[in-house]
Amino acid sequence: MMLNEESLRGVMVPIVTPFDEQGYLDIKSFKRLVTRLRNSGIHGLVVNGTTGESPTVGDSELERMIYEARIILEELPLIVGTGSNNTAAAIKKTARAKELGADAALVATPYYNRPSQQGIVYHFLALAETGLPIILYDIPHRTAATLDLHTVKTILKMDHVIGMKDSTGDIKRLFQLTRTQSKPILCGEDDLFYASLCCGSKGGILASANLETQQFVQVYESFRNGKNQEAREQFDSLTPLIQFLFSEPNPAPLKWLLAQNRLIRSDRLRLPMTQITNETAQKAIRFR
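Residues numbered from 1 in each chain as written. Predicted model: local features only at pLDDT ≥ 70, side-chain atom pairs only at ≥ 80, totals over all residues. Heavy atoms only, no water.

### Description of the overall build of the chain
Each helix and strand in the chain was counted, giving 12 helices and eight strands. Over its C-alpha trace the chain gives a radius of gyration of 18 Å, about what one expects of a compact globule, namely 19 Å for 288 residues. Considering only C-alpha atoms, the chain reaches an extent of 45 × 45 × 35 Å along its principal axes. Within the chain, the proportion of its 288 residues that are buried is 55%. For the chain, the share of sequence-separated contacts (at least 6 apart) that also reach a separation of at least 24 residues comes to 70%. Counting every atom, the chain has about 12,900 Å² of accessible surface; 48% of that belongs to carbon and sulfur. Mean positive and mean negative side-chain charge positions of the chain (33 and 31 charges, respectively) differ by 1 Å. (Helix = DSSP H or I, 4+ residues; strand = E, 2+ residues; numbered from the N terminus. Rg over C-alpha atoms; globule rule 2.2 N^0.38 Å. Buried < 20%, exposed > 50% of the residue type's maximum accessible area, 1.4 Å probe, protein only. Contact = heavy atoms within 4.5 Å. Areas by Shrake-Rupley, 256 points an atom, 1.4 Å probe, with all protein chains shown as cover. Lys, Arg positive; Asp, Glu negative; His and termini not counted. Charge placed at Lys NZ, Arg CZ, Asp CG, Glu CD.)

### As for the sheet that holds strand S3 (residues 78–81)
One closed barrel accounts for eight strands, arranged S1-S2-S3-S4-S5-S6-S7-S8; its pairing is parallel. When strand polarity is set aside, the average angle formed by the axes of neighbouring strands in this sheet is 25°. In the sheet, S3 pairs with strand S4 (residues 104–108) via three bridges, with the strands oriented parallel. Among the inter-strand pairings, Ile79 is bridged to a residue of S4, identified as Ala104. Across the sheet, helix H6 (residues 149–156) touches strand S5 (134–138), strand S6 (161–166) and strand S7 (185–187), and the angle it forms with S6 is around 145°. (Pairing = 2+ DSSP bridges. Axes fitted to C-alpha atoms, helices over the stretch in contact; angles between N-to-C directions.)

### Considering the pattern of salt bridges
Counted by the stated rule, this structure contains 12 salt bridges. Among the salt bridges present, the one from Arg96 reaches Glu63, with a minimum N-O distance of 2.9 Å. In this pair, Arg96 sits in helix H3 (residues 87–99) while Glu63 sits in helix H2 (residues 59–73), placing the two residues 33 residues apart along the sequence. According to the relative accessible area criterion, Glu63 is partly exposed, its value standing at 27%. Put simply, Arg173 and Asp138 hold a salt bridge, and the shortest N to O gap is 3.0 Å. Placement of the pair is Arg173 in helix H7 (residues 171–180) and Asp138 in strand S5, with a sequence separation of 35 residues. Residues Arg173 and Asp138 agree in their burial class; the two are buried. A network of salt bridges, in which partner residues are shared, links Lys31, Arg64 and Glu68. (Salt bridge = Lys/Arg side-chain N within 4 Å of Asp/Glu carboxyl O.)

### A word on the packing of helix H10 (residues 228–245) against helix H11 (residues 252–260)
Two elements in contact, H10 and H11, have axes whose closest approach is 7 Å; the angle formed by their N-to-C orientations is 115°. Of the residues in H11, those touching H10 at Leu241, Phe244 and Leu245 are Pro253, Leu254, Trp256 and Leu257. Split by residue class, the contact of H10 with H11 holds seven nonpolar, no polar and no charged. (Nonpolar A, V, L, I, M, F, W, Y, C, P; charged D, E, K, R; others polar.)

### Concerning the side chain of Ser266
With respect to the helices and strands, the residue Ser266 is situated in the loop between H11 and helix H12 (278–283). A distance of 3.0 Å separates a polar side-chain atom of Ser266 from the backbone nitrogen of Arg268. In this structure, Ser266 is in contact with Phe19, Asp20, Glu21 and Ala259, ignoring residues within four places of it in sequence. (Polar contact = N/O pair within 3.5 Å; in protein donor to acceptor, adjacent residues only side chain to side chain.)

### A word on the layout of surface pockets
Estimates place the volume of the largest pocket at around 590 Å³. Within the residue set of the lining of the largest pocket, elements represented by two or more residues are H3, S4 and helix H5 (140–143). In terms of residue count, H3 provides more of the lining of the largest pocket than any other element does, three residues in total. Class assignment for the residues of the lining of the largest pocket results in 11 nonpolar, 12 polar and three charged. Empty space within the second largest pocket amounts to approximately 330 Å³. (1 Å grid on protein atoms, 1.4 Å probe; cavity = no way out; pocket = protein on both sides within 12 Å on 5 of 7 lines; lining within 4 Å. Points joined across faces, edges and corners; volume = space filled by probe spheres on them.)

### With respect to the side chain of Glu53
Tracing the backbone through its elements, the reader meets Glu53 in the loop between strand S2 (44–47) and H2. Once you skip the residues sitting within four places of it in the chain, Glu53 turns out to touch Thr17, Phe19, Pro251, Lys255, Leu269, Arg270 and Met273.

### Digging into empty space enclosed by the protein
Tallied over the entire structure, the rule returns one cavity of 30 Å³ or more. There is about 40 Å³ of room inside the largest cavity. Lining the largest cavity, in full, are Asp166, Thr168, Gly169, Asp170, Ile171, Leu174, Cys187, Glu189, Leu192 and Ser196. Along the lines of polarity and charge, the residues of the lining of the largest cavity split into four nonpolar, three polar and three charged.

Purely spatial values, then, with no claim about function.
Shown next, in the form of structure tokens:
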């Protein structure tokens with residue numbers, strides 16, 4: 001069942017892409033991790049996001065992960081990262097994700113080319129032909145494409161766009177959007193998750209929730225049930241973990257901790273991403 005603006009809410013986890021020691025896709029670890037996340041109460045899974053090292057994942061590898069995740073998740077929403085700075089390529093990847101059972105696509109604004117605001121609007125308009133619901137992903141520090149408020153609102157008015165992942169880190173801007181837009185805005189900055197809920201976001205797509213998954217879900221559930229103080233205390237207890245996970249480029253610290261906890265077999269990343277330093281690993285003993 002494809003996602004819509006009413007069902008786009010809660011804690012969505014952008015899963016890592018596990019590799020073995022030789023750098024090949026470790027599908028066994030992937031399936032085990034998907035199963036664990038499904039059983040931890042998440043509201044949806046994102047495959048091939050930034051946390052999944054999407055720039056280094058091949059088409060056949062992505063198709064295998066979508067196929068396996070779809071089987072394990074059953075009715076739980078499956079979102080696939082299909083962004084590209086080539087509109088035709090984004091259309092092709094999004095259409096293929098739909099064929100394989102994705103419920104929505106997470107699409108970042110085109111990077112590197114630095115298109116105009118009009119070009120970005122046309123990019124998202126073109127994705128309508130795929131028939132898959134689209135989640136706008138605004139992450140300017142990675143794309144070098146800054147969206148003005150008018151552009152965001154224009155894209156969110158498109159029928160096939162069901163919501164937005166906001167990774168700008170601008171809580172004031174997020175508050176403006178949640179007050180003026182009916183479609184859900186999801187937090188994409190882990191350390192702002194609680195603050196974003198207070199400002200009207202409907203949930204988050206949170207890399208840190210690959211670990212301590214149930215606790216992140218509990219923050220959301222407590223807040224949704226009006227237990228704001230309880231939600232804040234629960235979130236505060238997660239803050240040291242979040243700070244560690246972003247102390248080096250994501251997902252290196254996350255993969256290291258997942259491997260230390262035997263949730264994946266290796267913390268291998270693909271270049272240009274590298275494993276964490278020994279100095280950083282020493283600081284993480286408390287989380288093992």
